[in-house]
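Here is how the chains run, residue by residue.
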Amino acid sequence: METMTDKKQKYGMVIDLDKCNGCGACTVACSIENNIPPALEKMNKRNSLTWLNITTVSNNEQFPKSESVFVPMFCQQCEKETPCMTVCPQNAVDIDPSTGIVGQVPQRCLGCRYCMAACPYHARYFNWWDPTWTEGMKKQLNPDVSPRMRGVVEKCNFCHGRLHAAKQKAASQGNREINPTDYVPACVESCPNKAITFGDLNEATTAVAQSAKNENTFQFLSRLGTEPKVYYHSEKKWVRAMAEKSLTRTQQEGFHG
Ligand code: SF4
Ligand code: SF4
């Protein structure tokens, strides 16, 4: 049951890289919330599923000047010219105009993987195998999120199931708008260092909107014009300087500001 609302939200995040210590709590919470199956023995980094990857990047200096940061990387929720949506022949990718969230419709996906090639952030994952759960794990599956089948692509959707639940709660209370505190993605909730700020970028008073405008807040690969709704923040110049370079999952190279 959806609420009827005229309000247009633009959900986004700001991740403070100076606070992230790479603990991986967000990765675990994301997997559990979204029914991402555990890796099989035959899987490797290229064919396993993790909607949220943490990449380590260093400034490539010698001790004592050496520094490194952890960069949580997932779907950047591209607002403009959304590359994965533009190339999909099946209309299996859509952007919800009322929330700005880029969604994936597994039932329409034919598995051609054009979207994976088009995504500049390596944020999409192909299901090479049907999900396999151990007996104990089946009890903790999230009933609000459908497991995806073999042969389709998937990705982070800002825990859309949680947004749906917040909408249902608002509707049951007779409200047209959700309470913002009822919609918090799992990674945001689980971060022990409170490194991730989430909310409506269209609402100037929200912490996320104000943080997005901070002079030390940046988007990755902004030159592509995709206008990600996931922002990053760092007071360190060399960290901000890496934003226009491509990150790969195995990257260990250094960056200089
Ligand atoms: S980051 Fe990749 S998957 Fe996410 S909206 Fe942009 S192109 Fe699509
Ligand atoms: S893999 Fe699926 S979502 Fe991606 S482009 Fe092909 S049909 Fe569209």
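Use the structure listed above.
Residues numbered from 1 in each chain as written. Chains lettered and ligands numbered in written order. Predicted model: local features only at pLDDT ≥ 70, side-chain atom pairs only at ≥ 80, totals over all residues. Heavy atoms only, no water.

**Remarks on the sheet that holds strand 9 (residues 217–218)**
So, point 1. Read from one edge of the open sheet, four strands run 8-1-10-9, paired in mixed fashion. Of all strands in the sheet, those bounded by a partner on one side alone are strand 8 (196–200) and strand 9. (Pairing = 2+ DSSP bridges. Helix = DSSP H or I, 4+ residues; strand = E, 2+ residues; numbered from the N terminus.)

**Some words on the layout of surface pockets**
So, point 1. Looking at the largest pocket, its volume works out to about 560 Å³.
So, point 2. Taken together, 23 residues make up the lining of the largest pocket; nearest its centre are Q104, P106, S146, N157 and H160.
So, point 3. When contributions to the lining of the largest pocket are tallied by element, the ones reaching two or more residues are strand 5 (102–104) and helix 5 (160–172).
So, point 4. If one sorts the elements of the lining of the largest pocket by residue count, helix 5 sits on top with five residues.
So, point 5. Of the residues that constitute the lining of the largest pocket, the class distribution is seven nonpolar, ten polar and six charged. (1 Å grid on protein atoms, 1.4 Å probe; cavity = no way out; pocket = protein on both sides within 12 Å on 5 of 7 lines; lining within 4 Å. Points joined across faces, edges and corners; volume = space filled by probe spheres on them. Nonpolar A, V, L, I, M, F, W, Y, C, P; charged D, E, K, R; others polar.)

**Details of helix 1 (residues 25–33)**
So, point 1. If you check which residues of helix 1 are buried, you get C26, T27, A29, C30, S31 and E33.
So, point 2. For helix 1, the elements touching its buried residues are strand 2 (53–58), helix 5 and helix 6 (186–190).
So, point 3. Of the residues one or two after helix 1, N35 is the one with positive phi, at around 55°. (Buried < 20%, exposed > 50% of the residue type's maximum accessible area, 1.4 Å probe, protein only. Contact = heavy atoms within 4.5 Å.)

**Looking at the site of ligand 2**
So, point 1. Surveying the vicinity of ligand 2 reveals 14 residues, the closest of which are C88, C109, C112, R113 and C115.
So, point 2. Taken together, the residues that form the shell around ligand 2 break down as ten nonpolar, three polar and one charged. (Near = heavy atom within 4 Å.)

**Examining the pattern of salt bridges**
So, point 1. Evaluated as defined, the whole model comprises six salt bridges.
So, point 2. A salt bridge links K229 to E79; the nearest nitrogen and oxygen atoms lie 2.5 Å apart. Taken together, the residues K229 in the loop between strand 9 and strand 10 (230–233) and E79 in the loop between strand 3 (68–73) and helix 2 (83–87) connect sequence positions 150 residues apart.
So, point 3. Judged by its relative accessible area of 2%, K229 is buried. (Salt bridge = Lys/Arg side-chain N within 4 Å of Asp/Glu carboxyl O.)

**Examining the side chain of R148**
So, point 1. Within the fold, R148 resides in the loop between helix 4 (135–138) and strand 7 (153–154).
So, point 2. You can call R148 buried: its relative accessible area is 9%.
So, point 3. A distance of 3.0 Å separates the side chain of R148 from the backbone oxygen of S146, its partner in a polar contact.
So, point 4. Residue contacts for R148: discarding those within four places in its chain leaves N34, N35, I36, W51, P106, N127, P131 and E154. (Polar contact = N/O pair within 3.5 Å; in protein donor to acceptor, adjacent residues only side chain to side chain.)

In short, shape yes, function no, at least from these values alone.
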